[in-house]
Structure formats: C-alpha cells, structure tokens
Amino acid sequence: MTTTSEPMSTTLKGCRDRAEQLPLERKVELLTGATMWRLIALPEIGMRSVSFSDGPVGVRGLGEAEGETSILLPTPSGIAAAWDLDLATAVGEAFAQEAREHGVDVVLAPQVNIQRTPVGGRHFECFSEDPALTSAIGAALVQGIQSQGVAACMKHYVANDSETERTSMVSRVDAQTLREVYLAPFAAAIDAGVWSLMAAYNGVDDGVETSPMTEHRRLNVDLLKGDLGFDGVLVSDWEATRRTVLAATGGLDLVMPGPGGPWAEGLLCAVRDGAVSVAEIDDKVARVLLLAHRVGAFAPAPRPTVQRDLPALARAAAAAGTVVLRAPETDAPWDRPAPSTIALIGANAERPHVLGGGSSTVHPEHVVTPLEGLAARWPHATIVSERGGDPRVFAPRLDVAARTADGLTARWLDVHGITVREDQIIDHDGWVRDIPDAAVEVVLTADVVVEEPGVHVLSVGTVGIHETHIDGVLASTGTRRVGVDCVLDSSVNTPAGVPVEVEIVAARTARIESRHQVINAAGYGRMVRAEIRNALPRSTDEQEIADAVAAARAADLAVVVVGTNEECESEGWDRETLALPGRQDELVTRVLAEVPDAVIVVNAGAPVLLPWLDQAMTVLWAWFPGQEAGHALADILAGVVEPAGRLPWTLPARADDVPVPHAVPVDGVVEYREGVHVGYRAWERSGATPAAPFGHGLGWTRWEHTLGEARVTDAGVEVDVVVRNTGARAGREVVQVYVEAPASDHDRPVRWLGGHAAATVAPGDEASVTVRIPRRVLETWDVRQDAWVLPEGEYRLHTGRSVRDIRGVVCVPLGATP
C-alpha cells in the first residue's frame, strides 16, 4: 500500500494510480458521506476528512459548533445585478475566507440554473435568465473561491429550474437548448477549472436518454467527463441517489449525505457481483482523492491569501446590485439635503427579508435593519416607523425564552409510551434534534405568557403524525407518517399550523401541549418539527395603512419598503402568484397619492408585479440584500454609493405576458417547449412590453454612447464603445451588446446577450470600453452534425444600456465553421 511519505499526485491519472492500491472496502467507504457534511478520513494514506457546507449567500458551517454564525451576503441575483466580474470574484474569495474559518473544504455554490420562469422557488438563488451572464458571473465566482484553496461545488447539474415535484420530475429539453442554454454555465465553469459539481434531484430527457441526473450516463459520462473534460467530483444532491448500480454506472462519484444510503448498503456487493466494475470505482475514488489534494486534505489546510473586511464587502455589494427602476432627473433622493424627519413604512422595513429560504440559509451575527441603517446615517433625524399592514399569513415565531414561563418542556417516549428523558428547551428555532436513541415520539409543553389585552393567535406548525392542544382546544392532528420527505417534498414540508385565538382580559398563561412523531429523515438525521407561533393583538390593516399615509405626509423623506417574505420565496415550492402579498400594492398607491416623491424600495428576490410603478418617481429594486441591508439603503439615499445595478432578468408588467408562467409537471414531465427562447429572448420574440426590460438600470447619472470599431478575432468579436457621463455625479456604466444572427435554418433568438463591459466615469468625462463576444456565444449547436457551428452571414451587434435601450448597431460578417 502507498505510504503517507509518498507525494500526492496532482493529476487525475496519478490519483487513479493511488486509488488502485487501496482495498476495495475502503474505496467504497470513501464514496458515501460519513456524516451529513463530511467524508471519511483515510489516515493510512495521510488524508483527513473532507468537509462540505451550504453556501450560495454565505458559508453556514458544519453544525458542529453551538451558535455558529456566518457572513450573509446579498442573494445571488443581487450579485449578478452588478454585472461586475471583479465583484463576483471578490464574493468567491469571501466564501473561501468564511469556509476556512468554519473548517469547510467545499462550498456548495454557486447555483447556476437558469431563471426559466419567474415563479421558480429558487429563482432568487440563481444569477440570471441569460446563459452568458450566468456563465460569466458563475465562472468568476468559482475562480474566486478556488484561488484560495477551497473547492466550489457548482449546482444543480442540470435543467433543475423549478421546485414542483422536484425530486421526481423530468425536464424534457432538446439537444440544442440543452447545449446553448442550460449546460452553458457548467461548460464555462469547467473551462475555469471547477473542482466539483452537484447532480440534481430531477431527471432529464435529452431526446436520447431519460434518467435521473444521478444516473444519466449520457450527460454525466459521455458529455460531462468526456466531451467537456471535467476532472472533478460529481456529488449527488443530498438524498438524491436512489439506486445503487445505475448511479454507479451513470457517472455519479459521491453519494451525500451519510452514513447509509444506496452505495453504503449495496455498492460493495454490486462490485463483487460484477454489476459495477472496479475500474469505475477507481475512477470515482481518484476524483475524490484529487479533490482532497486540491483542498489541502493531505496537508494542513491552506489559509486564504486574501483577507477581506466581510461586512464592508456585504454592504458594498448590496448597494452595487441595487437597481434604479425609476428616478427623477432632478431632486432625486440622493440629491436632497439631509432629512430632519423620516417616515419608514412597510412590513419589510420592519422585518426585511434578507435571504431566501432553504439550503441557502445562513445565520448572521446581526442584520442591520432599514431603521438601524437610516438612524446611523442621520442620527439627528426623527424616524417614525409604520408597518402599514401585515402581508404575512402566518404569525411570527414565538420567542420561547422571552414569552414562556419556563421554556419548552420535551418529554421523550419510547415505543411503549414510557418516558426515557425529559428536557427543558429555552432556545427553540422550530426544530428539535437532540433526541434520545430510544425515543419515537415527544410531548412538548409550554406555558405561553399572554399579557397584552385583546386577541392573541397561537399555533404550532408541524409535519407528520401529531396532536396539538392550545389553551385546552384541540387545534390540529396529523396521521401521515413522514421521513426524509419532510425535508425534500414541498407537499409535506411546510409547517403551517392551525391558529387558535386566545382572548386576554388579564395577563395569564396559555398552555400548549403538542405530541409529535420523531421523524427519521435519513442522512438529515432524526428530528421533530414544531414551530410555535404567536401573533399579538394589533390594529387592523386598514388602520395601519392610514397611519402609514399620515406618517409619510408629515415627513421630509418617506421610504416605503415592500416585498416578499419567507412565506413566498423559498426552496421547496414554486410561487403561485407574482403579486406582492397582502395589501402592499394598496399601501404604495395610497402613500404616493399623498406623497408623490416617496421612495419605494422593493425587497424581493424574484420578479413581482408593480401595478403602481408608473406613478412613482423613485423605485429601487434591493433584492434580498444580506446582513448589511439597512446600511446599504442608507448609503444610497444619502448619495454616498451609487445604486448601479442592472436587471439580470425581465420584470413583467402583466402576468399574462410571462413566457413561461409556471413549471407544473404534466404526468411527471416539464416540457421546455420555448427551446432557446428563454427569458428576455421570448419577450423579444413576442414583442410584449415588460415593466422593465432585461439589463435595465438607471443608476444615478445619465449617459451618451458613441459606437466605435468592431473587430473579428480568433476568439470572437470585439466592439468598442465610448461612453460619456452627461450627469452631475460620477457613475458606473454597463455597456451591453446583443447579437442578431443572419437568417438560417437554425432556430435562433431574435437577439441575445453577447457580452458586456463597464467603466466608472467622472461627470463630464468619457471612457472607451471594449466588449468581447466569445465565439462560442455566437455559435449554435447543430443537432444534425452534433457539433457547434457558426452560420455564415452578416451579424448585427446592438449596443446599448438594456435589450430595449439600444444606442448603436454595427454589422460584422462571420464565416461558417469548417
């Protein structure tokens, strides 16, 4: 056997030689997680355990340290909205810095699925509806992470673009569309040297093979590891692997999480029986060993060479990605004197939605609210905060420590109903995971202190078998036994809870007693889901809206923050509507009727309808802005930092105009009928008018463009554009070039993004930028030749500020491939 003194090879071939020397049992053991987030160690060859962590907006950590916190960066769509590859690289470096602080080797990011439909549940977690922009941002972020010795695990390979029936549905995508749109970001990342990819839950029908992505030999072996030359690890999404042999022969390299699972239980026998070859096992092991080498698992983990001020980066990134949808040419908020009175209005001003739900969740040490940010920026101003109605359906989570007499009592029962342990829980986040081995159910009891006169609403959100009594009333029961589906299946993983109204005249306690099944969620562990919620007595929505309008009318500066929340945008389900929840549209309309110059801030990750958009003077799209939300907003309003973002997707004006309004499978299949005409490409084909087009963003100054030379190079085409800042403030301009192909027998979009470049220019000055359009972006996939081709003819290159704001057109002749 190889000894620890022998150097570890840095090539896949060298690692394969090392793999061949390991005992078969150890090879197989290495290919399934040892825990939720770790692989086994191989001390006999000097390899420590390799660790993984979720991370599209930060690095959550391994769950091995109590109270673990992490930096919370803006949502990926907000990062992409900056159209800034340097920023994407810096974010990647920040991920690596955080990863090493948490003992993490592999960050499960970035997420590069295409925003095919605006209702997609994880839309906020993706970069863009455009494959070129997604590819550029994704590759830059990968390079940032891996430059510091931490692995990126790009996800979810492939065509995993919606959440409905996500663990079982099949995406039916034609070969041209797959190559040009959905595979493009993964191909770009492989060119950038990505070290690992994640195989998605869904299946894909590419016209030749229909298989789950954990088993898709054509896409995993022939294309990914063959045509594209991927030398990294293809790891399953958590609990995605279902079958032993088909996954092993279908190109999957690593099953997560562990312990247990189909490979732990059956792969060794499959190899001994000849169903899976030893050579296939050696290739998988070699890839894992190469990954281990790359992240420093055969030596002390490398320290990142770049150390950033992470809160400062989060603050700058949030502002840089903020998109100005509308702004007046004079008397914009950033041009006004410091206000002495501020009205801060909206439920999202009170509780900003700073990240989307699901696996991207991280726990920051603190979130700067809009109130905190504005108060820090203008310490002498009087700030009045009004919610303006409650858009949430469910009550807020109960603070168990603050609002119960003695915390939450957990009495654990075995199969005979005998108590095996009793715990007092003070810090309760809705999940209980410290469970005795013999326990099969638990009785949770809490005496909720209800002091405020009026009607309180209490509920316990849960899944699985349960029986809940609140203040002596049977609130809800459940008879369906659940397992890992409580994590993966949106039909069972949303703990709504049945509300019970408790009327209070004098302060007292209301008892909650709730009996729950202990859920065995496979690699996710054993758990109990019990989210206790409590809504305090409050004014009606009508009264809250009236109070908000009055506050706005009396203030020097009115800021209304509207948006989605944790009930709307999350992994696990797709949205059913593009409308803002609750009466937020009415709130905005009524404020604007009294205060036309009120600043409207949209705190949402994915598109929502804004029926009042044309009535507002200033509208900012702030995304899920991360932990520095309030500071970033204050920086913008005070004129310190430009909101320089550009939309990475199309904002619809009407739901009826949306090209792909839903992604509901029919007989388990989602048909990608639009083909290559995804996102703004479909809007260009239909001619419908959106509320704001792809690439739109006004910033805080004005620009003139002068088209320069266009050159054909071996790498593609270069276009020069001179931008002149005609406004009064220094600003950053993003020049976008859209390609229009000559007529041919290939199905091509009306126009598509070829490339972009940016420059920061002082007022009155100008700068020349060069936009480079890679040859691959100009090409199309010819299904007859099974190859990339460049149809011969004259290509029109449209330069401008968005797909609908074109400032110049130049034609270049391009030739066909041999």
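Residues numbered from 1 in each chain as written. Predicted model: local features only at pLDDT ≥ 70, side-chain atom pairs only at ≥ 80, totals over all residues. Heavy atoms only, no water.

Draft legend 1. Structural view of the packing of helix α14 (residues 370-377) against helix α19 (residues 629-637). Between α14 and α19, the shortest axis-to-axis distance is 7 Å and the interhelical angle comes to 45 degrees. The orientation of α14 relative to α19 falls into the category oblique. Relative to α19, α14 is oriented so that their crossing is right-handed. Two secondary-structure elements touch here, α14 through Pro370, Gly373, Leu374, Ala376 and Arg377 and α19 through Gly630, His631, Leu633, Ala634, Asp635 and Leu637. Counted by class, the contact of α14 with α19 contains six nonpolar, three polar and two charged residues. (Axes fitted to C-alpha atoms, helices over the stretch in contact; angles between N-to-C directions. Helix = DSSP H or I, 4+ residues; strand = E, 2+ residues; numbered from the N terminus. Parallel < 35°, antiparallel > 145°, perpendicular 65-115°, else oblique. Left-handed = near helix turned anticlockwise from the far one by under 90°. Contact = heavy atoms within 4.5 Å. Nonpolar A, V, L, I, M, F, W, Y, C, P; charged D, E, K, R; others polar.)

Draft legend 2. Seen up close, the pattern of salt bridges. One pass over the full model with this rule turns up 69 salt bridges. In this structure, arginine 122 engages glutamate 571 in a salt bridge whose closest nitrogen and oxygen atoms are separated by 3.4 Å. Highlighted residues: arginine 122 in the loop between β2 (106-108) and α5 (131-146) and glutamate 571 in the loop between β24 (557-563) and α18 (584-594), separated in sequence by 449 residues. Arginine 590 is the salt-bridge partner of glutamate 542, the closest N and O atoms lying 3.1 Å from each other. One end of the pair, glutamate 542, is in helix α17 (residues 541-554); the other, arginine 590, is in helix α18, with 48 residues separating them in the sequence. (Salt bridge = Lys/Arg side-chain N within 4 Å of Asp/Glu carboxyl O.)

Draft legend 3. Up close: unusual backbone geometry. Of the consecutive residues alanine 109 and proline 110, the connecting peptide bond is found in the cis state with omega at 0 degrees. Tracing the backbone shows proline 110 in the loop between β2 and α5. Cis geometry marks the peptide bond from tyrosine 157 to valine 158; its omega dihedral reads 0 degrees. Along the chain, valine 158 falls in the loop between β3 (151-157) and β4 (170-172). Although it is not a glycine, aspartate 471 adopts a positive phi angle of roughly 55 degrees. Since its relative accessible area comes to 29%, aspartate 471 is described here as partly exposed. Residues other than glycine seldom take positive phi values, yet aspartate 786 does so here, at roughly 55 degrees. (Buried < 20%, exposed > 50% of the residue type's maximum accessible area, 1.4 Å probe, protein only.)

Draft legend 4. Layout of the nonpolar core. In terms of nonpolar packing, the biggest core is built from 141 residues, with Phe52, Tyr157, Val158, Trp238 and Leu289 touching the most fellow members. Among all residues touching valine 158, those that are not within four sequence positions of it are Leu178, Tyr182, Leu183, Phe186, Ala200, Asn202, Val204, Met213 and Leu219. (Core = buried A, V, L, I, M, F, W, Y, C linked by side-chain atoms within 4.5 Å.)

Draft legend 5. Focus on empty space enclosed by the protein. Under the counting rule described, the total for this entry stands at six cavities of 30 Å³ or more. Approximately 150 Å³ is the volume attributed to the largest cavity. At the level of secondary structure, the elements contributing two or more residues to the lining of the largest cavity comprise β25 (599-603) and α19. By residue number, the principal contributor to the lining of the largest cavity is α19, which donates five residues. (1 Å grid on protein atoms, 1.4 Å probe; cavity = no way out; pocket = protein on both sides within 12 Å on 5 of 7 lines; lining within 4 Å. Points joined across faces, edges and corners; volume = space filled by probe spheres on them.)

Draft legend 6. Up close: the layout of surface pockets. The calculated volume of the second largest pocket comes to roughly 1,000 Å³. Every residue lining the second largest pocket is counted, 39 residues in all, and those nearest its centre are Ser135, Ala188, Pro774, Arg776 and Val777. Of all the secondary-structure elements, those providing two or more residues to the lining of the second largest pocket are α5, α6 (175-182), α7 (184-191), α8 (217-227), β31 (752-761), β32 (766-774) and α21 (775-778). With eight residues, the top contributor of residues to the lining of the second largest pocket is α5.

Draft legend 7. View of the pairing of strand β35 (residues 793-800). Where strand β30 (residues 731-740) lies against β35, five bridges are found, and the strand directions are antiparallel. For glutamine 736, the partnering residue across the bridge sits in β35 and is glycine 800. Judged from the eight bridges that link them, β35 and strand β36 (residues 806-814) form a sheet pairing that is antiparallel. Bridge assignment links histidine 798 to a residue of β36, and that residue is valine 809. (Pairing = 2+ DSSP bridges.)

Draft legend 8. Structural context of the pairing of strand β28 (residues 703-713). The pairing of β28 with strand β29 (residues 716-725) spans nine bridges and is antiparallel. Looking at β29, one finds that glutamate 704 is bridged to arginine 724. If you look at the hairpin formed by β28 and β29, you'll find two residues sitting between the two strands.

Draft legend 9. Representation of the environment of valine 91. Inspection of the secondary structure puts valine 91 in helix α4 (residues 85-101). On the basis of relative accessibility, which here comes to 2%, the residue valine 91 falls in the buried class. Separated by 251 residues in sequence, valine 91 and isoleucine 342 place their C-alpha atoms 33 Å apart. Those residues in contact with valine 91, other than ones at most four positions away along the chain, are Leu73, Ile79, Leu141 and Leu313.

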